[in-house]
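# Survey of secondary and tertiary structure
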Amino acid sequence: MTMTNPMQDKKRPFQGHEAKHFKFETDADGKVATITLNRPEKKNPLTFESYEELGNLFRALHRASDVRAIVITGAEDNFCSGGDVFEIIEPLTRMPMPDLLDFTRLTGDLVRQMRACPQPIISAVDGICAGAGAIIAMSSDYRVATPEAKTAFLFTRVGLAGADMGACGILPRIIGQGRAAELLFTGRAMTAAEGHAWGFYNALHERGALLAEAQKFARNLADGPWFAHAMTKKMLDQEWAMGIDQLIESEAQAQAICMATGDFRRAFEAFAAKAKPEFKGN
């Protein structure tokens, strides 16, 4: 009698998944997914529909049986110009406050789902990275850019607070309170050199090499102990609000869970045999 695993049965492959409002592709074995924001004629802005589809996709990827790392980028030398001026901004000026709150909760949910999905997310940023585009980059786990990248949290330029989609909480943790305050108050563009020096970008690559470098990094993660990587991502988020005693205990529990996996045992056995370990996520 073949035993089934009900939790594994809930998972499904995303290789071949078709997105409606952006491009979604995977490599040959499905382990690395690449999301491309694909409206180059407007520098890849978001719409109501793409916000919702992106949030739903990251939520669904929690149950992926194949995808282990995710790259998000933009088409034709730009990352994302934020919310589409005529398809989002103009309708918002006519909405009553309850509907506006529904919208801001929808956009915030994209960040929530990016942070909650277990796969590491790598942003590959070129050209314009503004508004919600800057938020998507900020919400990723690892960020690379070209020297031409210009990153702007420009909400104040349209009369809004810098407190958008978690920016006031997350950005200071990446680049520091003072630098975050300057960007959120002024809306000015952070240059790629500043972003790299401040720790927002992990590395800078020439335009022709950017996506390949991001996918290479993603592949290294996908071929590694991806169950443990998911645990690292969870701890990086979870420990923001913890005291030292709580976070030490939380990490003790997390590491003990990882030590109980076959990956941990297989890694030791491979080391002892002077071989390369094969990680299976269990």
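Residues numbered from 1 in each chain as written. Predicted model: local features only at pLDDT ≥ 70, side-chain atom pairs only at ≥ 80, totals over all residues. Heavy atoms only, no water.

This part takes up helix α11 (residues 244-259). Compared with an ideal rise of 1.5 Å per residue, which puts 16 residues at 22 Å, α11 spans 22 Å between its outermost C-alpha atoms and is within 8% of the ideal. For α11, the elements touching its buried residues are α10 (226-238) and α12 (262-272). (Helix = DSSP H or I, 4+ residues; strand = E, 2+ residues; numbered from the N terminus. Expected span 1.5 Å × (residues − 1). Contact = heavy atoms within 4.5 Å.)

On to the nonpolar core, then. Within the largest apolar cluster, 51 residues are counted, with the highest numbers of intra-cluster contacts made by I35, F58, F153 and F200. Looking at this core, the element that brings in the most residues is helix α5 (residues 132-139), giving 6 residues. When sequence neighbours within four positions are dropped, the list of residues in contact with F153 reads A134, I135, M138, L171, L183, L184, G187 and F200. V32, V71, L210 and A218 belong to the second-largest nonpolar core, a separate cluster that totals 13 residues. (Core = buried A, V, L, I, M, F, W, Y, C linked by side-chain atoms within 4.5 Å. Buried < 20%, exposed > 50% of the residue type's maximum accessible area, 1.4 Å probe, protein only.)

Unlike most non-glycine residues, N44 shows phi in positive territory, near 60°. In this fold, N44 is placed in the loop between β2 (32-37) and α2 (48-60). Residue N44 is classed as buried on the basis of its relative accessible area, which comes to 0%. In this structure, K274 is a non-glycine residue whose phi angle is positive, near 55°. Counting through the fold element by element, K274 comes out in the segment after α12.

On to the pattern of salt bridges. Applying the stated criterion across every chain yields a total of 20 salt bridges. Among the salt bridges present, the one from R219 reaches D29, with a minimum N-O distance of 2.6 Å. Residue R219 is found in helix α9 (residues 210-222), and its partner D29 is found in the loop between β1 (23-26) and β2; the two are separated by 190 residues along the sequence. Looking at D29, the relative accessible area reads 37%, which means it is partly exposed. With its nearest N and O atoms 3.4 Å apart, the salt bridge here joins E269 to R265. Residue E269 and its partner R265 are both found in helix α12; the two are separated by 4 residues, about one turn of the helix. Overlapping salt bridges, with partners in common, bring together D27, D29, K31, R219 and D223 in one network. (Salt bridge = Lys/Arg side-chain N within 4 Å of Asp/Glu carboxyl O.)

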